[in-house]
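Single-letter residue listing:
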Amino acid sequence: MERFKYSLLKIINISGLTFLEPVVRLCYGEEPRLQLKKIGRFIVIPAVTFMIFIWMWSIIAPVYKTKSGEVPTPAVVYEAARGVREFHDRETDKQTAYSLDGQDREASLDQVQEELKAITAEKVKADAEVMSAEIARKAFITEKLEPLKAEYETKKEEFLKAQLRRDRALKIKAAKVEKGDLQGKNNLLGYVRGHQEQTAAELDELAELKTEQDDVRNLNYPPLLEALKFQTDVAEQEQYLTKKEEILSKSNRSLKLDEEEDKLKQLQRQYASATGPDLIPIAQQMLRVEERMNNISSSEYAKPWTLPMQIARSVACVFAGFFLATAIAIPIGILCGVSSTFMAAVTPFIALFKPVSPIVWLPISLIIVGGIITDPDKHWLMVALSEMPLIGWLQINPAFIASAITVALCSLWPTLVNTALGVASIDKDHINVARVLRLTFTQRLFKIVIPSALPLIFAGLRISLGVGWMVLIAAELLSSSEGIGKFVWDMFNNGSSETFAQMFVVVFVVGAIGLLLDRTMIVFQRLVSFDGAPAAI
Amino acid sequence: MNSIISERYVEMSNIVKAYPNPYGEDVKVIDGFNLKIHKGEVIGVIGHSGCGKSTVLTMLAGLNSITQGGIIVDGKEISGPGPDRSVVFQAPCLLPWMTAYGNVKLGVDRVYPHVTASVRKEIIEYYLSIVGLADSMHRYPRELSGGMQQRVGIARAIALKPKVLLLDEPFGRLDSLTRMELQDVILEILNREHLTTVLITHDVDESIYMCDRVCMMTNGPGSKVGNLMSIPFARPRNRAEILEHPDYYNYRAELICFLEEQEHAKSGICEQPVAIQAVGEETHSELNSSSSDTSTDIPVMSDEDSVAMSHVGTTD
């Protein structure tokens with residue numbers, strides 16, 4: 001038990017999840033007071049802060065209205081996340097439906113038809129609910145509107161009368177003014193001004209009342225919103241089921257194959273009975289059908305990109321760029337650290353290119369990659385990548401490569417600088433050991449230089465990966481390479497309140513993945529640090 | 001074996017070490033250092049901190065360039081460091097990403113390139129076991145105590161089968177109990193391997209206990225060999241016997257007298273003859289008054305450290 005505890009604590013320490021340490025210690029009954037205090041500080045307080053953040057967000061967000069609707073509240077964002085998830089599940093389902101055959105297909109078809117029946121009933125119910133909610137809303141609005149309307153009418157009438165009264169009084173005053181009565185004329189001017197100001201104020205008040213009415217008319221009526229949401233959900237579900245049924249009963253791969261096979265059999269019969277020149281057209285037809293069958297059997301359902309797939313593609317892209325950066329930065333960094341001449345040669349480039357923004361690198365690399373891969377469908381590299389088993393579905397294209405190169409160009413600097421620093425600052429004693437043993441250059445490199453620089457190299461790699469992840473989202477957004485950035489861009493162009501909320505979902509997704517990547521690098525960093533010093537968090 | 005080479009196995013002649021001084025003439029830290037070391041002998045180099053002991057050793061190791069003069073080892077002039085002159089540094093200088101075994105292996109692989117892996121493994125394990133690390137050879141340096149780390153350093157150095165073993169204050173950073181243990185470990189190895197050894201130390205008792213000859217260096221700058229003293233105690237040596245040996249305090253007195261003389265080099269001269277004549281109880285009590293006990297610690301040095309620090313920048 002004790003040993004298990006210590007290995008658990010060691011894992012926690014290496015993984016950097018130190019906030020779990022007091023929990024483990026508490027479970028083993030070690031100094032409960034101290035552990036509770038630590039739990040309070042490292043778990044309860046962050047959780048409470050997060051709750052406060054959510055609460056403030058839900059209060060502040062609806063206040064601000066944009067052309068894409070209100071700023072989404074946490075609840076709306078959660079709904080949007082669910083929507084994203086559901087979209088993905090449905091598309092995956094359709095994809096499976098496309099490749100089902102035989103009994104599986106029939107069973108699935110039966111099930112879908114069953115569900116469709118159920119959903120029709122649901123739909124009727126949803127429509128009725130919406131109807132009744134609309135009536136209820138009308139009543140609710142009218143009830144609120146009536147007093148406002150009445151007030152408006154009274155005020156209007158009152159103001160009209162007051163204006164007439166003031167008009168008349170002015171006329172009487174004007175009649176009293178003599179020709180040479182300068183004082184009287186001045187006074188009259190004052191009265192007229194007063195009358196005009198009064199009238200303008202009254203008009204403003206009326207306008208305000210009008211706006212108030214409009215506000216009431218536009219008031220959200222939660223039951224109606226709920227009913228509408230339910231209706232939309234049902235409609236979406238129905239649409240999905242209908243589409244699935246269509247796939248299962250018409251466009252399913254095995255069905256199409258059967259159809260073509262029937263044609264082929266018929267043609268074969270014709271071919272067997274025909275003679276002479278008639279044979280040629282039939283043979284040609286047979287070959288065409290065979291080719292079509294080949295195409296169908298390797299075809300897939302044309303699945304649109306969903307967020308989970310885009311996330312996977314983004315992660316693949318960031319690692320492609322990161323590994324490229326590592327492959328460039330570590331050798332150059334080692335050379336920089338070993339030779340001050342090389343360092344002097346490279347320093348201007350580092351200084352010049354390090355501050356360049358990804359926004360500049362991206363178009364350049366897009367054009368260069370586009371120049372090398374002029375026809376993506378035929379280029380050997382693209383073909384080879386699209387046929388690879390695990391990454392084929394990522395549909396690697398020039399935009400993907402350009403994004404990865406941009407990531408590499410922006411993220412290689414921290415690794416390069418850290419590697420150079422790590423190599424240059426090797427303990428002099430270790431160098432002396434190497435000199436006494438007369439180690440060869442390669443032995444010195446692999447036995448002394450690299451191991452001793454490894455902790456700093458990994459610290460650099462960690463920063464690089466973080467930079468790369470930030471750069472990637474922008475690069476994808478600009479290059480329209482399928483991924484999280486593209487998702488954000490599509491949602492932005494869509495401009496509805498739902499897509500607005502989905503952009504908020506992306507914020508959390510990007511943050512969570514970035515956190516995960518960073519944590520992974522921390523683990524690596526700790527595993528290579530030979531002195532056992534804890535890495536900074 | 002050629003007797004001349006045997007007599008002058010290591011020959012350091014007219015060694016000068018100068019460092020450039022931007023405000024005047026070069027500073028000669030070592031000036032005219034001459035020393036001949038016999039094959040298989042253990043020679044101690046003693047002197048105040050900062051007098052250039054370590055500089056002499058690093059020049060012999062080839063880690064430090066020689067300004068003038070030359071060093072010949074086994075009939076060949078040295079150029080640069082090499083495994084034939086292995087060093088045990090003051091700090092263990094182990095590579096922290098390797099186990100004790102790995103640290104020794106690094107050198108063994110280099111020196112025995114033509115033997116099979118299993119033979120090399122035997123060699124590594126043999127040397128680790130003679131320094132008493134048979135049980136912890138697969139531990140990392142961070143898991144070993146300072147004394148154990150230094151044992152690995154010793155094993156690494158002797159496993160190279162060097163012509164000259166260079167010990168640069170190897171016990172300087174250890175507590176006195178560990179120091180005594182390691183002194184015995186090294187003496188035992190030397191009895192077995194008969195390695196020509198140079199021991200840099202500032203510990204009077206250590207040099208008497210371990211060395212066949214002690215070379216006393218004058219204070220820098222421009223330090224050289226001030227005096228040479230033979231200590232013909234028979235080997236293997238036993239600490240208790242040597243401590244009780246009547247000559248022991250003579251040697252001790254001579255060394256301390258030399259060191260004190262160096263300290264007061266400008267003001268006056270130590271009355272060496274008196275110290276030499278005053279054998280036995282008198283000297284003993286005199287020494288006791290200046291040192292708290294007769295253990296290996298020598299308080300003579302402790303006060304000079306601050307004075308000597310002024311030289312450290314140029315000599316070490």
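Conventions used here
Residues numbered from 1 in each chain as written. Chains lettered and ligands numbered in written order. Predicted model: local features only at pLDDT ≥ 70, side-chain atom pairs only at ≥ 80, totals over all residues. Helix = DSSP H or I, 4+ residues; strand = E, 2+ residues; numbered from the N terminus. Buried ≥ 20, exposed ≤ 12 C-beta atoms within 10 Å, placed from the backbone. Contact = placed C-beta atoms within 7 Å. Core = buried A, V, L, I, M, F, W, Y, C linked by C-beta atoms within 7 Å. Domains from an automatic or database assignment. Pairing = 2+ DSSP bridges. Nonpolar A, V, L, I, M, F, W, Y, C, P; charged D, E, K, R; others polar. Axes fitted to C-alpha atoms, helices over the stretch in contact; angles between N-to-C directions. Expected span 1.5 Å × (residues − 1). Parallel < 35°, antiparallel > 145°, perpendicular 65-115°, else oblique. Left-handed = near helix turned anticlockwise from the far one by under 90°. pLDDT = per-residue confidence, 0-100.

## Some remarks on the overall build of chain B
Looking only at helices and strands, chain B has 13 helices and ten strands in total. Counting the 316 residues in chain B, one finds 43% classified as buried. A separation threshold of at least 6 residues defines the contact pool for chain B, and within that pool the share at least 24 residues apart is 71%.

## Observations concerning the overall build of chain A
When you go through chain A residue by residue, the secondary structure sums to 18 helices and two strands. Dimensions of chain A along its principal axes, counting C-alpha atoms only, are 120 × 90 × 65 Å. Among the 537 residues that make up chain A, the fraction classed as buried is 23%. By sequence separation, contacts in chain A at least 24 residues apart represent 74% of the contacts at least 6 residues apart.

## Description of the nonpolar core
Within the largest apolar cluster, 150 residues are counted, with the highest numbers of intra-cluster contacts made by Val104(B), Leu128(B), Ala155(B) and Val198(B). Here the element with the most residues in this core is helix 16 (residues 441-479) of chain A; it accounts for 17 residues. In contact with Ala155(B), other than residues within four places in its own chain, are Val104(B), Tyr127(B), Leu128(B), Val131(B) and Leu133(B). In this structure, Ala97(A), Tyr98(A), Val112(A) and Tyr240(A) belong to the second largest nonpolar core, which totals seven residues.

## Focus: the domain arrangement of chain A
According to the domain assignment, chain A consists of domain 1 (2-63), domain 2 (102-232), domain 3 (252-302) and domain 4 (307-528). Summarising the inter-unit geometry, the C-alpha centres of domain 1 of chain A and domain 3 of chain A are found 66 Å apart.

## Describing the environment of Ile45(A)
Residue and element names in this part refer to chain A. As for its position among the elements, Ile 45 is in helix 3 (residues 32-60). In this structure Ile 45 comes out as exposed when scored by C-beta crowding, with 11 C-beta atoms within 10 Å. Separated by 66 residues in the primary sequence, Ile 45 and Gln 111 have C-alpha atoms spaced 49 Å apart.

## What to know about the pairing of strand 3 (residues 42-46) of chain B
Residues and elements named next belong to chain B. With respect to burial, strand 3 is a largely interior element, five of its five residues being buried. Residues Val 42, Gly 44 and Ile 46 of strand 3 are buried on one face, and the alternating residues Ile 43 and Val 45, pointing to the opposite face, are buried as well. Here strand 3 runs beside strand 8 (residues 196-201); their pairing, made up of five bridges, is parallel. Across the sheet, residue Val 45 finds its bridge partner in strand 8, namely Ile 200.

## Quick notes on the interface of chain B and chain A
For interface size, the figure often reported is the accessible area lost on association. Contact residues are listed per partner, giving 17 residues for chain B and 15 residues for chain A. At the level of elements, strand 6 (85-88) and helix 3 (100-111) of chain B are the ones that each hand at least two residues to the side of chain B that touches chain A. Looking at side-chain class alone, the side of chain B that touches chain A contains twelve nonpolar, three polar and two charged residues.

## Re the sheet that holds strand 6 of chain B
Residue and element names in this part refer to chain B. The six strands are arranged 6-7-8-3-9-10 in an open sheet whose pairing can be described as mixed. The two strands at the open ends of the sheet, each matched to only one other strand, are strand 6 and strand 10 (225-230). Put simply, the sheet's adjacent strands are angled 20° from each other on average, direction ignored. Bridge count for strand 9 (residues 213-217) against strand 10 is five bridges, and the pairing is antiparallel. Bridge pairing links Cys 215 to Leu 228 in strand 10.

## Topic: helix 1 (residues 2-15) of chain A
Its 14 residues place the ends of helix 1 of chain A 20 Å apart at the C-alpha level, agreeing with the 20 Å of an ideal helix rising 1.5 Å per residue. Just past helix 1 of chain A, the residue Gly16(A) takes up positive phi, approximately 75°.

## Remarks on unusual backbone geometry
Note that the residue after Arg235(B), namely Pro236(B), is joined by a cis bond; omega there is -5°. For Pro236(B), the location among the structural elements is in the loop between strand 10 and helix 8 (239-244). Unlike most non-glycine residues, Glu31(A) shows phi in positive territory, near 45°. Residue position: Glu31(A) is located in the loop between helix 2 (21-27) and helix 3. In this model, Gln395(A) sits at a positive phi of 50°, which is unusual for a non-glycine residue. According to the C-beta neighbour criterion, Gln395(A) is partly exposed, with 17 such atoms within 10 Å.

## As for the sheet that holds strand 4 (residues 68-73) of chain B
Residue and element names in this part refer to chain B. Strand order in the open sheet made by the four strands is 2-1-4-5, with antiparallel pairing throughout. Two strands bound the open sheet, and with one partner strand each, they are strand 2 (27-37) and strand 5 (76-77). With two bridges joining them, strand 4 and strand 5 adopt antiparallel strand pairing. In the sheet register, Val 73 faces strand 5, and the bridge partner there is Lys 76.

## Notes on the packing of helix 5 (residues 102-176) of chain A against helix 7 (residues 222-251) of chain A
Residues and elements named next belong to chain A. Closest axis-to-axis distance for the helix 5/helix 7 pair is 8 Å, and the angle between their directions is 160°. With respect to their mutual orientation, helix 5 and helix 7 come out roughly antiparallel. Both helix 5 and helix 7 take part in a crossing whose hand is left-handed.

## A short note on the environment of Ala329(A)
Residue and element names in this part refer to chain A. Tracing the backbone through its elements, the reader meets Ala 329 in helix 10 (residues 307-338). A residue is classified by how many C-beta atoms lie within 10 Å of it, and Ala 329, with 26 of them, is buried. Taking the C-alpha atoms as reference points, Ala 329 and Gln 270, 59 residues apart in sequence, are found 68 Å from one another. When neighbours within four sequence positions are excluded, Ala 329 is seen to be in contact with Leu 412, Thr 415, Leu 416 and Thr 419.

## Regarding the pairing of strand 6 of chain B
Residue and element names in this part refer to chain B. Side chains of strand 6 alternate between two faces, with Arg 85 and Val 87 and Ser 86 and Val 88 buried alike. Relative to strand 7 (residues 164-168), strand 6 runs parallel, the two being bridged by four bridges. Bridge pairing in strand 7 links Ser 86 to Leu 165.

## Examining the packing of helix 12 (residues 358-372) of chain A against helix 14 (residues 398-424) of chain A
All names here are of chain A. Direction vectors running N to C along helix 12 and helix 14 enclose 135°, while the axes themselves pass 8 Å from each other. Relative to helix 14, the element helix 12 lies oblique. For the crossing formed where helix 12 meets helix 14, the hand is right-handed. Counted together, Pro 358, Trp 361, Leu 362, Ser 365, Leu 366, Val 369 and Gly 370 of helix 12 and Pro 398, Ile 401, Ala 402, Ile 405, Thr 406, Leu 409 and Cys 410 of helix 14 form the full contact between these two elements. In terms of residue class, the contact of helix 12 with helix 14 is built from eleven nonpolar, three polar and no charged.

## Section: the environment of Leu515(A)
Position of Leu515(A) among the secondary structure elements: in helix 18 (residues 497-528). Distance from Leu515(A) to Ala329(A), taken between C-alpha atoms, is 23 Å for residues 186 residues apart in sequence.

## Looking at the confidence of the model for chain B
Summing up the model confidence of chain B, the mean pLDDT is 81 and the portion of residues at 70 or higher is 82%. Scored as a whole, the predicted complex attains pTM 0.77, and scored at its interfaces, ipTM 0.76.

## Overview of the confidence of the model for chain A
With 99% of its residues at a pLDDT of 70 or more, chain A has an overall mean of 89. Low confidence marks residues 533-537 of chain A, where pLDDT is under 50. Its contacts with residues over four positions away, or in another chain, come to five contacts.

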